[in-house]
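# Coordinate analysis (summary)
Residue strings, one per chain:
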Amino acid sequence: PRSLERLPLAGLPLTPTSRGIASDLGITTMIENPETLIAWLQEIAHSGDTSEPQALGKVIAVWGPHGSPGRTTLAFNLAAEIADETDKVMLVDADFSAPTVAEYLGLPMAGLGLIGAIKSARVGEFELEKVLHHSIVYVGVLGNFRVLTGYHARGPWNPAELDSLQAVLHKLRASGWLVIVDMSAELGKVAGSPHPLVAHVQANQVVLESADVLVAVCHARELGVARFCRAWPAALGLGVSARLIGVVRTNGADSREHLDNVMSALWSFTGVDNFRNIRAEALFWPPESVKIKRRSAKTQRSMGQSELA
């Protein structure tokens, strides 16, 4: 985890191979007695005595296979719940095949959103304010959070655009923002697939490489489980190093036996045994009327900030 990169690490020699593993990881301190343990704890205490600000941001990617498993709904719920605790929450629509966050929340499609933030990252000095400028403030029941609306990618990305997408995510995280990214389903190249699909795979790879947490959503229907298991090797093929949280979306009609069979199938075909069960009726849906605040270039010059209802 990135949160451990600044801390002194130590190894615990439990097996004959422990020292070799520690050496491969660059760990030189081994806890072999109380004295070495005390010395290591003192190093940790001293490592916190710094005036350098510690970034508390995190990138949480929400992914699921084709078939409407509920990626956008879950991404919104995560943003709304976290926004109840902090005012630095950004929901990013990175589903370049079917961007629906704006429609889902009743937000206007006008403005550049994520593509504007990506373009800003390529011009001059890249500051956080440039990202926030292209976002919309969503005022919800639980809390307020910002949204970077998405767009359809019509062709492959060039390296500069991919670097800019990564820069946007890293800038938000480094500034202490909790970023919820609604991804598209495509994770691997499909033989004979349409040309634009390449862009979706490229973008998803950048998101996964930047993610601290991957929330993988599976629908409890038999078809949903089959789609998830077929798509899972592609996720592993991208070298996902983020912490994995598996989520199974069920409804009130699903029996305990059915849920047990779903969990067993997921474990058998993916090797993941810690899926959490979330009932669809427990998820919060956006209200019919929402308030938004948007800073456009025009209003920034004349009014500063406008409010729409």
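Structural data are supplied above this passage.
The notes below deal with the structure included here. One numbering rule holds for all chains: residues counted from 1, following each sequence as written. Only residues with pLDDT of 70 or above have their local features reported here, since the model is predicted, and side-chain atom pairs are shown and tallied only from 80 upward, although totals for entire chains, interfaces and linings are computed over all residues. Side-chain metrics rest on all non-hydrogen atoms present in the structure, leaving aside hydrogens and water.

## Structural notes on the overall build of the protein
Along the protein, the regular secondary structure elements total 11 helices and 12 strands. Under the scheme applied here, a residue whose accessible area is under 20% of the maximum for its type counts as buried, over 50% as exposed, and between as partly exposed, the area being computed with a 1.4 Å probe on protein chains only. With 309 residues in all, the protein has 44% of them scored as buried. Any two residues whose heavy atoms approach within 4.5 Å at even a single point are treated as in contact. Put simply, of all contacts in the protein between residues at least 6 apart along the chain, 74% involve residues at least 24 apart. What sets the accessible areas is the Shrake-Rupley method with a 1.4 Å probe; for residues, cover comes only from the shown protein chains. Summed over its atoms, the accessible surface of the protein is roughly 16400 Å², and 55% of this surface lies on carbon and sulfur atoms. Each helix corresponds to a stretch of at least 4 residues labelled H or I by DSSP, and each strand to a stretch of at least 2 residues labelled E; elements are numbered beginning at the N terminus.

## A few points about the packing of helix α5 (residues 113-120) against helix α7 (residues 159-174)
At a minimum axis distance of 8 Å, the contact between α5 and α7 shows a crossing angle of 105 degrees. The angle between α5 and α7 falls in the class roughly perpendicular. Mapping the contact onto sequence places Leu-114, Ala-117 and Ile-118 in α5 and Glu-161, Ser-164, Leu-165 and Val-168 in α7. For every element, the axis is a line fit to its C-alpha atoms; helices are fit only across the contacting stretch, and the angle between N-to-C directions ranges from 0 to 180 degrees. With respect to orientation, any angle under 35 degrees is reported as roughly parallel, any angle over 145 as roughly antiparallel, any angle of 65 to 115 as roughly perpendicular, and every other angle as oblique.

## Brief notes about helix α2 (residues 34-47)
The end-to-end C-alpha separation of α2 is 20 Å, in line with the 20 Å expected for 14 residues at 1.5 Å each. The residue sitting at the N-terminus of α2 and contributing the capping side-chain oxygen is Asn-33; that oxygen lies 3.1 Å from the backbone nitrogen of Glu-35. Take the number of residues in a helix, subtract one, and multiply by 1.5 Å to get its expected span. Polar contacts, as used here, are pairs of N or O atoms within 3.5 Å; protein pairs need one atom able to donate a hydrogen and one able to accept it. Residues neighboring in sequence count only if both atoms are side-chain atoms.

## Some details on the nonpolar core
Counting 53 residues, the largest nonpolar core has Trp-63, Trp-157, Val-168, Val-181 and Leu-266 as the members making the most contacts within it. By residue number, the principal contributor to this core is helix α9 (residues 222-237), which donates six residues. Beyond its immediate chain neighbours, meaning those up to four positions away, Leu-266 contacts Cys-218, Val-225, Phe-228, Cys-229, Val-248, Gly-271, Val-272 and Phe-275. To define a nonpolar core, start from buried Ala, Val, Leu, Ile, Met, Phe, Trp, Tyr and Cys residues and group those joined through side-chain atoms within 4.5 Å. Counting residues in hydrophobic clusters, the runner-up holds 27 residues, among them Val-62, Val-89, Leu-91 and Ala-102.

## A closer look at helix α3 (residues 71-83)
With 13 residues, α3 should cover 18 Å at 1.5 Å per step; its first-to-last C-alpha distance of 18 Å lies within 8% of that length. Burial within α3 is extensive, with 11 of its 13 residues counted as buried. Among all positions of α3, only Arg-71, Thr-72, Thr-73, Leu-74, Ala-75, Phe-76, Asn-77, Ala-79, Ala-80, Ile-82 and Ala-83 are buried.

## Thoughts on the pairing of strand β6 (residues 144-148)
Pairing between strands is defined by DSSP: at least two bridges between them are needed. Sheet topology places strand β4 (residues 89-94) next to β6; three bridges connect them, and they run parallel. Paired with Leu-91 across the strands is Val-147, a residue of β6.

## So, the pattern of salt bridges
One side-chain nitrogen of Lys or Arg within 4 Å of one carboxyl oxygen of Asp or Glu is enough to make a salt bridge. If you walk through the whole model with that rule in mind, you get four salt bridges. Between Asp-95 and Arg-71 there is a salt bridge whose closest N-O contact spans 3.6 Å. Here Arg-71 lies in helix α3 and Asp-95 lies in the loop between β4 and α4 (101-105), a separation of 24 residues in the sequence. Arg-71 shares its class with Asp-95; the two are buried.

## Observations concerning the side chain of Asp-182
Along the chain, Asp-182 turns up in strand β7 (residues 178-183). Although Asp-182 is buried, it makes no salt bridge; Arg-71 carries the closest opposite charge, 4.3 Å away. There is a polar contact of 2.7 Å between the side chain of Asp-182 and the side chain of Thr-72. Apart from residues no more than four positions distant in its own chain, Asp-182 is found in contact with Val-62, Arg-71, Thr-72, Ala-75, Val-92, Asp-93, Ala-94, Asp-95 and Val-101. Residues counted as positive are Lys and Arg, residues counted as negative are Asp and Glu, and His and the chain ends are not counted.

## Thoughts on the packing of aromatic side chains
Note on ring pairs: Phe, Tyr and Trp rings are taken, using the six-membered ring of Trp, and paired if centres are within 6.5 Å. Classes follow the plane angle, with under 30 degrees stacked, over 60 edge-to-face and the rest tilted. If you walk through the whole model with that rule in mind, you get nine aromatic pairs. With a centroid separation of 5.9 Å and 85 degrees between ring planes, the pair formed by Phe-76 and Tyr-138 is classed as edge-to-face. With Phe-76 in helix α3 and Tyr-138 in strand β5 (residues 136-139), the pair connects residues that are 62 residues apart, well separated along the chain. Across the pair, exposure class does not vary: Phe-76 and Tyr-138 are buried alike. With a centroid separation of 5.3 Å and an interplanar angle of 75 degrees, the aromatic rings of Phe-96 and Tyr-151 are classed as edge-to-face. Here Phe-96, found in the loop between β4 and α4, pairs with Tyr-151, found in the loop between β6 and α7; they are 55 residues apart in sequence, far enough to count as distant.

## As for the environment of Leu-187
With respect to the helices and strands, Leu-187 occurs in the loop between β7 and α8 (197-210). It is 8.8 Å that separates the C-alpha atoms of Leu-187 and Pro-65, two residues lying 122 residues apart in sequence.

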